[in-house]
Amino acid sequence: MCKGHDLNEGQSRGFDRDGLQLLAVRHAGQVHVYQNRCPHRGVPLEWHPDQFLDASASLIECATHGALFLIESGECIAGPCEGKFLSAITCGEDAQGVWINLPARG
């Protein structure tokens, strides 16, 4: 997906892989990847390209209605989709960079 140094601590990035819109965030040294789709309206989350985080860089924020999501789990903790989750994408990081396992599509 990208080299590890392309995603620094407290940063987020958007990606398109095989037509699937994704977002990646590095938080507390770990990379978290989710589908770039709000569970409330199904719209992309970012304010501007690669801007998925709130002002404190501690939560993912939906630009459409301000819903806030925990970076570690994707759970919405405030907003109209409270209690719902972003769709997580399995990811990891090694010497080659950050990698993902896309879900099977039927």
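Here the structure is a predicted model, which is why all the values come from computation and not from measurement.

S.K.: What is the right way to look at the nonpolar core in this model?
M.R.: Side chains of nonpolar character tend, in soluble globular proteins, to be buried together. The biggest cluster of nonpolar side chains holds 15 residues, and the ones touching the most others in it are Leu 23, Leu 45, Ile 60 and Phe 69. Excluding its chain neighbours within four sequence positions, the residues that come into contact with Leu 45 are Leu 23, Gln 35, Asn 36, Arg 37, Cys 38, Phe 52, Ile 60, Glu 61, Cys 62, Ala 63, Phe 69 and Leu 86. Listed in part, the ten residues of the second largest apolar core include Leu 20, Val 31, Val 33 and Val 98.

S.K.: Whenever I open this one, the sheet that holds strand β6 (residues 76-78) confuses me. Can you help?
M.R.: Two orientations exist for strands paired in a sheet by backbone hydrogen bonds: parallel and antiparallel. Within the open sheet, the three strands sit side by side as β4-β5-β6. Their pairing is antiparallel. Strand pairing shows two members of the sheet lacking a second neighbour, β4 (59-61) and β6, which therefore form its edges. Neighbour-to-neighbour, the strand axes of the sheet open up by a mean angle of 40 degrees, direction not taken into account. Here two bridges tie strand β5 (residues 68-70) to β6, and the two strands are oriented antiparallel to one another. By the bridge assignment for β6, Phe 69 is matched with Cys 76.

S.K.: What exactly am I supposed to notice about unusual backbone geometry here?
M.R.: Backbone phi values are negative for most residues with the exception of glycine, while trans is the configuration of most peptide bonds. The residue Asp 18 is not glycine, and still its phi comes out positive at about 50 degrees. Note on placement: Asp 18 falls in the loop between β1 (12-17) and β2 (20-27). Phi is positive for Ala 57, close to 60 degrees, though the residue is something other than glycine. As for its position among the elements, Ala 57 is in the loop between β3 (30-35) and β4.

S.K.: What is the right way to read the side chain of Arg 26 from this model?
M.R.: With respect to the helices and strands, the residue Arg 26 is situated in strand β2. Within the local environment of Arg 26, its side chain forms a polar contact with the side chain of Glu 93, the two groups lying 2.9 Å apart.

S.K.: Honestly, the environment of Pro 39 in this entry has me stumped. Any pointers?
M.R.: Among the secondary structure elements, Pro 39 is positioned in the loop between β3 and β4. Other than its neighbours up to four places away in sequence, Pro 39 contacts Phe 69, Cys 81, Lys 84, Phe 85 and Leu 86.

Rules behind the numbers
Residues numbered from 1 in each chain as written. Predicted model: local features only at pLDDT ≥ 70, side-chain atom pairs only at ≥ 80, totals over all residues. Heavy atoms only, no water. Core = buried A, V, L, I, M, F, W, Y, C linked by side-chain atoms within 4.5 Å. Buried < 20%, exposed > 50% of the residue type's maximum accessible area, 1.4 Å probe, protein only. Contact = heavy atoms within 4.5 Å. Pairing = 2+ DSSP bridges. Helix = DSSP H or I, 4+ residues; strand = E, 2+ residues; numbered from the N terminus. Axes fitted to C-alpha atoms, helices over the stretch in contact; angles between N-to-C directions. Polar contact = N/O pair within 3.5 Å; in protein donor to acceptor, adjacent residues only side chain to side chain.

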